[in-house]
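This is what each chain is made of:
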Amino acid sequence: MAHSAVALPSTCCYCGVGCGVLVEPDKQGDVRVTGNPDYPVNRGALCSKGLHLQYTVNDRRDRLLFPQMRYAKSRPLQRVSWDEALERTAAVFTTFIRQYGPDSVAFYASGQCLTEEYYVLNKLMKGFIGSNNLDTNSRLCMSSAVVGYKMALGEDSVPVCYDDIELADCLLVTGANPAWCHPILWRRVEAHKAANPATKIIVVDPRVTDTCTLADVHLQLLPGTDVVLHQALARVLIENGDIDLNFIEQHAEGFEAYKKLVFERSVAEAADLCGVAEADLRRAAGYIGAAQGFLSMWTMGLNQSVVGVDKNLSLLNLHLITGQIGKPGAGPLSLTGQPNAMGGREVGGLSNLLPAHRNLANAQHRTEVQQFWGSGPLAEKPGYTATEMFEALEDGRLKAIWIVCTNPLTSLPNVRQAEAALAKARFVVVQDISSKPETLAYADVVLPAAAWAEKEGTMTNSERRISYLPRVVAAPGEALPDVEILCRFARKMGFSGFDYATTEAIYLEHTRLTAGTTLDIAGLTYAELRQRGSVQWPYRPGQAASGTPRLFTDHRFYTPSGRAQIHPVAATFRSEAPDLDFPFILTTGRLRDQWHTMTKTGKVSKLRQHSPQAFIEVHPHDAQALQVQEGELVTVSSRRGSVRVAARLTTGIRPGVVFLPMHWGKILGSDLHRANNVTSNAVDPISKEPDFKFCAVQLEKYRKP
Ligand code: SF4
């Protein structure tokens, strides 16, 4: 389809693959979106979500159009001016900060925020309010990967690029279903396998997903046994002599302790614990051992776990013992779920991070940032993480929360507890594009934000690729870009340093703070980004290549010794164990055509057709024992709550394991389909990422009373 000259290059606002699109406005203020044939990520292709991207802009029926406020908790929201809304918010924040200290307020934001928005939020909260209580929903999807990279490689740095897919001859896809959740990247894998049938693909997943259709071996492991599996693969690699002793000796540390650990359990025992055939496990190890280029891809199956950091480290160990990192076609590729989770990581947009990979615990790093911002001292203590914020609201430590671009009353684990906590909050601000999020019922102030294509800024995809997103059309009503809202608020608070003339001025300030760091992009302008199309950090303005596709090519890592760290992580079990009362293991996840809590994709009837209703996947053997037929309603209950959904019988799930999609929230006031009624808010002790992939539940056939 030909585009006119006014079609502007931008980036899809759904998943972390970060496909390039062309956005063309019309005279009515609507847009038309097509794949950008020149963009290196997708070469014009779009998945089902990307193909319907224009509805996020063109369907404005649910949009928030003006600021609203309620004067008492019992009163309804009513329309107010921007000044009134922000002055009241500033007055309340100031009162709480004076009375209870800066840790009494918090921002809870989103991996869908643009980098400039993260930057302003970070500067505002950590620099000027003086608390680290800024966390995002990225905590729920990739914080375990962040910790894994830091502990193993020295910094949170994804070493590889998408072009490594076509250069790899063995791909391990674990804890991910990219055929549905990162579809355009998966099409590249499919094309590579079709052109090079000898390429081996190993899929590790407790379910048979569409990703498995390409697998040479599918290890359908028991949920939660990933570390055991990784150690067993390592043992076979070591026994077969398929490790790179030269790399280990020259560039890594910790191998001897690790080797001792992995030899404590036989491969047969490990296979038994994981519930997979030993022969399959050995075959997978053989594929890795024989590979010239071994690439791993993973996402929530490893990250969303109470042992998420251990799962990440044990996977990274496979790359370190085989020397499969820092060379073409090799390395770990963590897939980010959200479009700009990476940008958030770059600016330090989590409650335990500082900009440009600086460390919160490092006094010199805190001083550098403070001096750069011209702010007060930065707090050393990490702020509340996503789930901790709601716990702090519950017990009154936190008085006020400002929720930006996220829908926690669908997406948080053990969500009924979060709902009760929000009801107790003294002051709630909701900044969003949509009137749908359940949080609005608890909001004291509602701030309408501009959506994708209605504001400009930058994002970074899973391969460190930064792209510029233009403002193509005007936002409806009085909605404002998020940075404008936050800067206006900062000025109402009396803070200096928030009077930017343009969004690019914010971005350039962010780039200057990266100078001399491992993700240096100092001075990279919007014009250069537009002219290049995109760049991969680190990047020096004006250099010949568009950035750095691959890190650690010299095998020097960002650790103090310069060597990668092999962590001998033991396999531990910390999840909620099934028992007689709750005998099934529940795992949750995404569907092909929906995005997160459906505030955007739920508007598109074509996307709803794929799975119009919530359901639970049950193995036929379990269904028979429960006397449940296909399509019949079952009540799924845990120690925290219940849902009532239709049973979908499939042999693609292990007996004893059930699967619920995570997308549905409240529908017409009913939360019967909301998976997170049931999930556990237990978290990994380091990454604080919740255990969305494992909790104990009971299933019962629903009988009308
Ligand atoms: Fe958008 Fe992800 Fe689909 Fe690409 S793969 S079109 S980034 S949703």
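Definitions and limits used
Residues numbered from 1 in each chain as written. Predicted model: local features only at pLDDT ≥ 70, side-chain atom pairs only at ≥ 80, totals over all residues. Heavy atoms only, no water. Helix = DSSP H or I, 4+ residues; strand = E, 2+ residues; numbered from the N terminus. Rg over C-alpha atoms; globule rule 2.2 N^0.38 Å. Buried < 20%, exposed > 50% of the residue type's maximum accessible area, 1.4 Å probe, protein only. Contact = heavy atoms within 4.5 Å. Areas by Shrake-Rupley, 256 points an atom, 1.4 Å probe, with all protein chains shown as cover. Near = heavy atom within 4 Å. Nonpolar A, V, L, I, M, F, W, Y, C, P; charged D, E, K, R; others polar. Domains from an automatic or database assignment. Buried area = accessible area lost by both parts, 1.4 Å probe. Salt bridge = Lys/Arg side-chain N within 4 Å of Asp/Glu carboxyl O. Polar contact = N/O pair within 3.5 Å; in protein donor to acceptor, adjacent residues only side chain to side chain. Axes fitted to C-alpha atoms, helices over the stretch in contact; angles between N-to-C directions. Parallel < 35°, antiparallel > 145°, perpendicular 65-115°, else oblique. Left-handed = near helix turned anticlockwise from the far one by under 90°.

(A) How the structure looks around the overall build of the chain. Within the chain, the secondary structure is distributed over 25 helices and 26 strands. For the chain, the C-alpha radius of gyration of 24 Å lies close to 27 Å, the compact-globule estimate for 705 residues. With the C-alpha coordinates of the chain rotated into their principal frame, the extents come out at 70 × 70 × 55 Å. The buried share among the 705 residues of the chain stands at 63%. Here the contacts in the chain between residues at least 6 apart in sequence split such that 72% fall between residues at least 24 apart. Accessible surface for the chain amounts to roughly 24200 Å². Of this, 51% is attributable to carbon and sulfur atoms.

(B) Focus on the site of the ligand. Within the structure, the ligand sits among Cys12, Tyr14, Cys15, Gly18, Cys19, Leu46, Cys47, Lys49, Gly50, Pro183 and Ile184. Of all the elements in the fold, those that place two or more residues in the shell around the ligand are α1 (48–51) and α8 (183–195). A per-class count over the shell around the ligand returns 8 nonpolar, 2 polar and 1 charged.

(C) How the structure looks around the domain arrangement of the chain. Along its sequence, the chain is organised into domain 1 (8–58), domain 2 (68–140 + 339–508), domain 3 (143–334) and domain 4 (584–701). Relative to domain 2, the C-alpha centre of domain 1 lies at a distance of 26 Å. Counting residues at the interface gives 24 residues for domain 1 and 17 residues for domain 2. Each partner contributes to the roughly 1400 Å² buried at the junction of domain 1 and domain 2, and carbon and sulfur atoms together form 66% of this total. For the pair domain 1 and domain 2, the interface holds 0 salt bridges. In this structure, the connection of domain 1 to domain 2 is made through 4 residue pairs in polar contact (both at pLDDT 80 or more). Listed by contribution, the elements that provide at least two residues to the side of domain 1 that touches domain 2 are β1 (8–11), β2 (20–25), β3 (31–35) and α2 (55–58). It is β1 that provides the largest number of residues to the side of domain 1 that touches domain 2, a total of 4 residues. Its residues assigned to classes, the side of domain 1 that touches domain 2 comprises 17 nonpolar, 6 polar and 1 charged.

(D) Structural detail: the packing of helix α5 (residues 143–153) against helix α15 (residues 308–322). For the pair α5 and α15, the least separation of the axes is 8 Å and the interaxial angle reads 45 degrees. As judged from the angle between their axes, α5 and α15 are oblique. The handedness of the crossing between α5 and α15 is right-handed. Each of Ser144, Ala145, Val147, Gly148, Tyr149, Met151, Ala152 and Leu153 in α5 lies in contact with α15, whose residues at this interface are Gly308, Val309, Asn312, Leu313, Leu316 and Leu320. Class assignment of the residues belonging to the contact of α5 with α15 gives a composition of 10 nonpolar, 4 polar and no charged.

(E) Broad picture of the pattern of salt bridges. Considering all chains together, one arrives at 43 salt bridges under this definition. Linking Glu380 and Arg366 is a salt bridge whose minimum nitrogen-to-oxygen distance equals 3.8 Å. Of this pair, Glu380 sits in the loop between α17 (363–373) and α18 (386–394) while Arg366 sits in helix α17; the two residues are 14 residues apart in sequence, bridging distant segments of the chain. In this structure, Arg465 engages Glu463 in a salt bridge whose closest nitrogen and oxygen atoms are separated by 2.8 Å. A cluster of three or more residues bridged by salt bridges with shared partners is formed by Arg416, Glu419, Lys666, Asp671 and Arg674.

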